[in-house]
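# Tertiary structure, described
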Amino acid sequence: MAERIQKLLHQKQTTGQVTIKGWVRTRRDTGSFSFLEVNDGSCLANLQVIADKNLSNYDVDILRLSAGCSVVIRGELQKSPAKGQDVELQAGSVEVLGWADPETYPLQKKRHSLEFLRSISHLRPRTNALGAVTRVRSRLAFAVNVFFQERDFVQVHTPIITTSDCEGAGEMFQVSATGEKKDAPFFGSSAGLTVSGQLQAEVYALALGQVYTFGPTFRAENSNTSRHLAEFWMIEPEMSFCDLACNMELASDLLKYVLQDVLDNCSEDLTLFNAFIEKGLIRKLKDVVEKDFVHLTYTAAVEELQKAKADFEYPVEWGIDLHSEHERYLTEEVHKCPVIVTDYPAAIKPFYMRVSDDGKTVAAMDILVPGIGEIVGGSQREERLEVLEKRMQEAGVDSTEYDWYLDLRRYGTVPHAGFGLGFERLVQFATGMSNIREVIPFPRTPGSAPC
Ligand code: 4AD
Ligand code: MG
């Protein structure tokens, strides 16, 4: 409703009968009327309501209203004489649907810390910051789907319960039925929650050409950082007849497209983040949209890091997996823009990545962005049966369990590639939130899964 009121404003139709259904943020009384700030969640701005003391329930209801009460207010929208708003609502009726005891309701007018708000994940969406994050997250999800649908990608719903550990990192949660017998597992063999929809997306890419999956993924990694969740969402496109260069291009286009979309459609919320969460956020997002990303090979990245004046906790030499401190140094200190790092050592990457002619590296690509580090991880896939079998053996992956995956190489194999974009890291980047727990409604981390 508040959104529609804003549209009315835009059309300069600033008067008329309207109804707002929402929650009271504040009440202030003068001798003859009360000011109510009401928010219905559709946008950041509250609507100011004037409730005159002549209203029939003024003494019994309106003078008892406090933060968190739910109301339905009908009235006349008027031009506002006050600074900072164009319209206000002259209430004709105020109906209270639900009270919120001010003695116990945790969201009072003062600014609460994000840490405190995390402890009330069932109430925090009623705050400005978390409401704004939720709207931006929703818009990003919409833009992701539009991006792929406009390019004729087919959305595939890959399974949440699976028997394959795509990343081979042993970070799966096991799934079993209550009371299930060890020797008679529900699914016939041991199953877990997916760490990535990639392998199943490959199945569909080798039939439909270009597909994407966008769903929840789960990792039992015990890392309590500001960029890791045990349950997070991932966008994973997979394309047949595509190599590393085409994969990089799609990933850059996707990031630019969705960030431009929120710049165009979430300006009110971004202005809040720009002022209170990350100064310069809007400029940063515009730069990412407008400027080319830097492309470096892993080898060149290692050279840059070895020349760095920084004092890294993990020393850098060719062959190491890049740590967050290295990724952030490259993107924040050296290049000050998104950096695509390609051609990582085969030994530190999963079995499915395509081995390059040098025999030492794979056609992998990660995209690193300032403030976050890795936001995208992907590769061209190994499409040659014998090479893939050899890689599986070296990685200790039981190829009999992946017979179906090998069939894709036995029958009509094609070069193909794809990547995973961590959705929460994208929302973090777009909102400037430094902790990933702020950008998913109900964060799941080691030791914590409220609601
Ligand atoms: O680099 P990752 O592990 O790649 C894959 O899973 C591939 N199978 C994707 C593919 O090629 N289809 O994860 C991809 C991205 C990371 O770059 C990061 O943004 C995000 O997923 N990510 C996490 N986000 C939040 N919490 C975690 N624990 C994450 N682990 C990875
Ligand atoms: Mg990765």
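Note: the structure precedes this text.
I will try to describe carefully the structure that is included in this document.

### Remarks on the overall build of the protein chain
Assigned secondary structure in the protein chain consists of 12 helices and 16 strands. Taken along the three principal axes of its C-alpha coordinates, the protein chain extends 85 × 55 × 45 Å. Sequence separation of 24 or more characterises 66% of the internal contacts of the protein chain that already satisfy a separation of 6 or more. Carbon and sulfur atoms form 51% of the exposed surface of the protein chain, whose accessible area is close to 21500 Å².

### What about the state of the cysteines?
What the rule picks out here adds up to one disulfide. There is no disulfide at Cys-43, and the cysteine sulfur nearest it, in Cys-266, is 12 Å away. Judged by relative accessible area, Cys-43 falls into the buried class, the value being 3%. Given a relative accessible area of 6%, Cys-266 falls into the buried group.

### Brief notes about the packing of helix α5 (residues 244-265) against helix α12 (residues 423-431)
Running from N to C, α5 and α12 cross one another at 50 degrees; their axes reach a closest spacing of 11 Å. As judged from the angle between their axes, α5 and α12 are oblique. α12 is crossed by α5, and the crossing has right-handed handedness. Seen from α5, the contacting residues are Leu-255, Val-258 and Leu-259; seen from α12, they are Leu-426, Phe-429 and Ala-430. Considering only residue class, the contact of α5 with α12 consists of six nonpolar, no polar and no charged.

### Looking at the packing of aromatic side chains
For the coordinates displayed, the defined rule picks out 15 aromatic pairs. On the numbers, 5.1 Å between centres and 85 degrees between planes, the contact of Phe-147 with Phe-148 is edge-to-face. For the ring pair Phe-351 and Tyr-405, a centre distance of 6.1 Å and an interplane angle of 85 degrees mean the geometry is edge-to-face. Note that Phe-351 is positioned in the loop between β13 (339-345) and β14 (361-369) and Tyr-405 in helix α11 (residues 403-410), a separation of 54 residues in sequence. Taking relative accessible area as the criterion, Tyr-405 reaches 0% and is therefore assigned buried. Ring-pair connections join several aromatic residues into one group, and the members of that group are Phe-147, Phe-148, Phe-153, Tyr-212 and Tyr-257.

### Focus on the sheet that holds strand β5 (residues 87-98)
Within the closed barrel, the five strands sit side by side as β1-β2-β3-β5-β4. Their pairing is mixed. Looking at each pair of strands side by side, their axes are set apart by 55 degrees on average, direction ignored. Here strand β2 (residues 33-39) pairs with strand β3 (residues 47-52) via six bridges, running antiparallel. Within β3, the residue paired with Glu-37 across the bridge is Gln-48.

### Let's talk about unusual backbone geometry
Phi is positive for Asp-152, which is not a glycine, with a value near 65 degrees. On the secondary structure map, Asp-152 appears in the loop between α3 (128-150) and β6 (154-155). Unlike most non-glycine residues, Asp-343 shows phi in positive territory, near 60 degrees. Secondary-structure assignment places Asp-343 in strand β13. By relative accessible area, which is 23% here, Asp-343 ends up partly exposed.

### Quick word on helix α10 (residues 385-395)
The complete set of buried residues in α10 reads Leu-385, Leu-388, Arg-391 and Met-392. What you see down the axis of α10 is that its buried residues fit within an arc of 130 degrees, all on one side. Facing away from the buried side of α10 by over 90 degrees, the exposed positions are Glu-386, Lys-390, Gln-393 and Glu-394. Looking at the buried side of α10, the elements it contacts are β14 and α11. Looking one or two residues past α10, Gly-396 carries a phi angle of roughly 70 degrees, positive in sign.

Rules used in this analysis
- Residues numbered from 1 in each chain as written.
- Chains lettered and ligands numbered in written order.
- Predicted model: local features only at pLDDT ≥ 70, side-chain atom pairs only at ≥ 80, totals over all residues.
- Heavy atoms only, no water.
- Helix = DSSP H or I, 4+ residues; strand = E, 2+ residues; numbered from the N terminus.
- Contact = heavy atoms within 4.5 Å.
- Areas by Shrake-Rupley, 256 points an atom, 1.4 Å probe, with all protein chains shown as cover.
- Disulfide = S-S within 2.5 Å.
- Buried < 20%, exposed > 50% of the residue type's maximum accessible area, 1.4 Å probe, protein only.
- Axes fitted to C-alpha atoms, helices over the stretch in contact; angles between N-to-C directions.
- Parallel < 35°, antiparallel > 145°, perpendicular 65-115°, else oblique.
- Left-handed = near helix turned anticlockwise from the far one by under 90°.
- Nonpolar A, V, L, I, M, F, W, Y, C, P; charged D, E, K, R; others polar.
- Phe/Tyr/Trp six-rings, centres within 6.5 Å; stacked < 30°, edge-to-face > 60°.
- Pairing = 2+ DSSP bridges.
- Arc of directions from axis to C-beta.

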